[in-house]
Amino acid sequence: MKVSWRLTIAALTLLLLLLPAHLGAAQEDSGEILVIDANGPVAPAMAEYIQRGIRTAENREASLLIIRLDTPGGALDTLNQIVQDMRASNVPIAVYVAPRGAIAGSAGTVITLAGHVSAMAPETVIGAASPVGGEGEDLGQTLEAKLKEALRATVRSLMEGRPPDAIRLAEDTIENAVAVTASEAFEIGMVDLLANDLPDLLRQLDGREVEMADGSTRTLATAFATVTEISPSLIEQLLAVLTNPNIVFLLLWIGVQAILIELGSPGGWVAGFIGAVSLTLAGFGLGFLEANWVGLIFLVISFVLFVLDIKAPTHGALTTAGVASFIVGALVLFNSPGTPQFARVNVPLVVTSGLIMGAVFLLILTYAIRSLRGPIRTGKESVVGRTGRARSPIDPTGTVQLAGEQWSAQLAPEAPPIPRGARIEVIDAHGIRLTVRQIENEDGT
């Protein structure tokens, strides 16, 4: 009995000594897990962010990259780039549609399926992946059929080995814009896991085998891994801002306003510089949004109308037409029929901005008209016809007092000499010398 107890105690002691080393080895083998948050439209900013995440994971030899996804969809060419980058990754990628209330819509559906592991949080949605045109419009029958067939083929290749019902559902999201909840997608086998949060996801991923693009198999070890969040860089954040339709519209608005101010008061450079930079950034953003360029015609017309109203006799009418053209142009540019909601500009923002533009321009125009109708205060025309008094006898030259200033003066041709103190009238001006003649006082003298 004594020997048995001694052996038991020795075994327990050895186990306790070896357990920390074993846990440390397990933790070391788990490596690092990187997490990126792909939120918003599937646009170049998201593609750059995901590409950098994959490159960082490969450089750090991470054991797993998790893409936390929440997107309403986006451009097909950007989607193809993201899928190619994901499938070529040397690091396993798990796409996790989260948090609760998130959506993997349209292009986001294909991105979810492109991961080596796909997971969804409760109360999330996936689907509605029917392709539309670059401006959100419905496609022609032939082009639509081609794009749908290409997307269905992509989905079938990404879902090889999954249940036939899951593949049919995935194809139905493309063919008929079907959308399903997380629980429905999980039950039918369209996605691999249903996880409440990131720790729950890591717990379920631990020990799971995934197949890489080269045919090799990796076993995920996530129990003791170090989780590192990768935030978007400044350039990626700027790119995301410049693909926001409301921001692009405001840049257009600021650019037009600044250019109009520069034209109204030429000679400065600040307004012109701000206008040029704003319009350049807006054009950059429009290139990614693939907006309806017909709207730009209305915006150019509005700009021309504003400029013409400075010279036109019907002051105010052309400005009103310019405001209407500006509002219509902005709505056509961003909110054409069929444009997805995430790519639309806020209508109250457009209307309010247009009215503010019109009010500011009318105010500037009012001051301009008032100055045109006021008396001339500089130059030759400002003194001709004005009256004053002779400060010294003028025969043929002398000095006069005019509007509180002293001027050199000379007699008008064939005019008699002017005595000191007599009232005079300016009939011409040559530089700083006035040509004057004597006029009668009010009493006739």
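Here is what the cut-offs are and how they apply
Residues numbered from 1 in each chain as written. Predicted model: local features only at pLDDT ≥ 70, side-chain atom pairs only at ≥ 80, totals over all residues. Heavy atoms only, no water. Helix = DSSP H or I, 4+ residues; strand = E, 2+ residues; numbered from the N terminus. Contact = heavy atoms within 4.5 Å. Areas by Shrake-Rupley, 256 points an atom, 1.4 Å probe, with all protein chains shown as cover. Pairing = 2+ DSSP bridges. Axes fitted to C-alpha atoms, helices over the stretch in contact; angles between N-to-C directions. Buried < 20%, exposed > 50% of the residue type's maximum accessible area, 1.4 Å probe, protein only. Parallel < 35°, antiparallel > 145°, perpendicular 65-115°, else oblique. Left-handed = near helix turned anticlockwise from the far one by under 90°. Core = buried A, V, L, I, M, F, W, Y, C linked by side-chain atoms within 4.5 Å. Expected span 1.5 Å × (residues − 1). Arc of directions from axis to C-beta. Nonpolar A, V, L, I, M, F, W, Y, C, P; charged D, E, K, R; others polar. pLDDT = per-residue confidence, 0-100. Salt bridge = Lys/Arg side-chain N within 4 Å of Asp/Glu carboxyl O. Patch = residues over 30% accessible without salt bridge, like charges linked within 9 Å, V, L, I, M, F, W, Y side chains within 5 Å.

Draft legend 1. Quick look at the overall build of the protein. A count of helices and strands for the protein gives 14 helices and 16 strands. For the protein, restricting intrachain contacts to residue pairs at least 6 apart in sequence, the fraction spanning at least 24 positions comes to 65%. In the structure as shown, the protein presents an accessible area of about 23,400 Å², 60% of it carried by carbon and sulfur atoms.

Draft legend 2. Here's a closer look at the sheet that holds strand E6 (residues 125-127). Taken together, the three strands give an open sheet; going across it, the order is E4-E6-E7, and neighbouring strands pair in mixed fashion. The sheet terminates laterally at strand E4 (103-105) and strand E7 (179-181), the two strands that pair on one side only. Pairwise comparison of adjacent strand axes, ignoring direction, gives a mean angle of 20 degrees for this sheet.

Draft legend 3. Fine view of the pairing of strand E5 (residues 117-120). The alternating pattern of E5 places Val117 and Ala119 on one face and Ser118 and Met120 on the opposite face, and all of these are buried. Bridging between strand E3 (residues 93-97) and E5 involves four bridges; their strand directions are parallel. Opposite Val95, over in E5, you have Ser118 as the bridge partner. In terms of strand pairing, E5 meets strand E8 (residues 193-194) through two bridges, oriented parallel.

Draft legend 4. Inspection of the pairing of strand E12 (residues 387-390) at higher detail. The sheet contact formed by E12 and strand E15 (residues 423-430) spans three bridges and is antiparallel. Bridging across to E15, Arg389 finds its partner in Arg423. Where E12 lies against strand E13 (residues 397-402), two bridges are found, and the strand directions are antiparallel. Note on E13: the bridge partner recorded for Arg389 is Gln401. Counted along the chain from E12 to the antiparallel partner E13, the turn is six residues long.

Draft legend 5. Layout of the sheet that holds E13. Ordered by their spatial adjacency, five strands build a closed barrel running E12-E13-E14-E16-E15, and the pairing between neighbours is mixed. Mean inter-strand twist for the sheet, computed between neighbouring axes without regard to direction, equals 55 degrees.

Draft legend 6. A look at the packing of helix H2 (residues 44-59) against helix H9 (residues 234-242). Packing of H2 against H9 brings their axes to within 8 Å, and their N-to-C directions diverge by 160 degrees. Taken as axis vectors, H2 and H9 run roughly antiparallel relative to one another. For H2 against H9, the interelement crossing comes out left-handed. The residues of H9 that touch H2, namely those facing Pro44, Ala45, Glu48, Tyr49 and Arg52, are Glu236, Leu239 and Ala240.

Draft legend 7. Main features of the nonpolar core. Residues Ile50, Leu65, Ile82, Met86, Met159 and Met190 are the most contacted members of the largest nonpolar core, which totals 46 residues. Among the elements that line this core, the one with the most residues is H2, at six residues. Setting aside its immediate chain neighbours within four residues, Met190 contacts Thr109, Leu113, Ser118, Ile126, Met159, Arg162, Ala166, Leu169, Ala170, Thr173 and Ala185. Within the second largest apolar cluster, 23 residues are counted, among which are Phe326, Ala330, Met357 and Phe361.

Draft legend 8. Focus on helix H3 (residues 76-87). With 12 residues, H3 ought to run about 16 Å at 1.5 Å a step, and its terminal C-alpha atoms sit 16 Å apart, in line with that. For H3, every residue scored as buried is listed here: Thr78, Leu79, Ile82, Val83 and Met86. Take H3 and look down its axis: the buried residues cluster within an arc of 135 degrees, on one side only.

Draft legend 9. View of the packing of H3 against helix H4 (residues 107-114). Two elements in contact, H3 and H4, have axes separated by 10 Å at closest approach and are oriented at 5 degrees. Taken together, the axes of H3 and H4 are roughly parallel relative to one another. The segment H3 lies against H4, with Leu79, Ile82, Val83, Met86 and Arg87 engaging Ala107, Val110, Ile111 and Ala114. Taken together, the residues of the contact of H3 with H4 break down into eight nonpolar, no polar and one charged.

Draft legend 10. Representation of the confidence of the model for the protein within the structure. Across the protein, the average pLDDT comes to 81, with 79% of residues at 70 or higher. Confidence over residues 21-29 falls short of pLDDT 50; this stretch has three contacts with residues more than four positions distant or in other chains. The low-confidence segment residues 133-139, where pLDDT is below 50, has 19 contacts with residues more than four positions distant or belonging to other chains.

Draft legend 11. Local environment of the pattern of salt bridges. Evaluation of the coordinates by the stated rule reveals 15 salt bridges. Ionic pairing is found between Arg60 and Glu32, a salt bridge with its closest N-O pair at 3.1 Å. On the criterion of sequence distance, the pair formed by Arg60 in the loop between H2 and strand E2 (64-70) and Glu32 in strand E1 (residues 32-39) is long-range, its members being 28 residues apart. The closest approach of N and O atoms between Arg208 and Asp192, which form a salt bridge, is 3.5 Å.

Draft legend 12. Expanded view of the side chain of Ser302. Along the chain, Ser302 falls in helix H12 (residues 294-311). What makes Ser302 buried here is its relative accessible area of 1%. Setting aside anything within four residues of it in sequence, one finds Ser302 in contact with Gly322, Ser325 and Phe326.

Draft legend 13. Summary view of the environment of Ala107. Within the element layout of this structure, Ala107 appears in helix H4. Residue classification places Ala107 among the buried positions, given a relative accessible area of 3%. C-alpha of Ala107 to C-alpha of Leu151: the two residues are 44 residues apart in sequence and 9.8 Å apart in space. Once residues lying within four places of it in the same chain are set aside, the contact partners of Ala107 are Val42, Gly73, Gly74 and Leu79.

Draft legend 14. Region of the structure containing a nonpolar patch on the surface. A grouping of Ile254, Trp269, Val270, Phe273, Ile274, Val277 and Leu281 is seen on the molecular surface, where their side chains present a nonpolar patch of about 650 Å² in accessible area. Among the elements that line the nonpolar patch, the one with the most residues is helix H11 (residues 270-289), at five residues.

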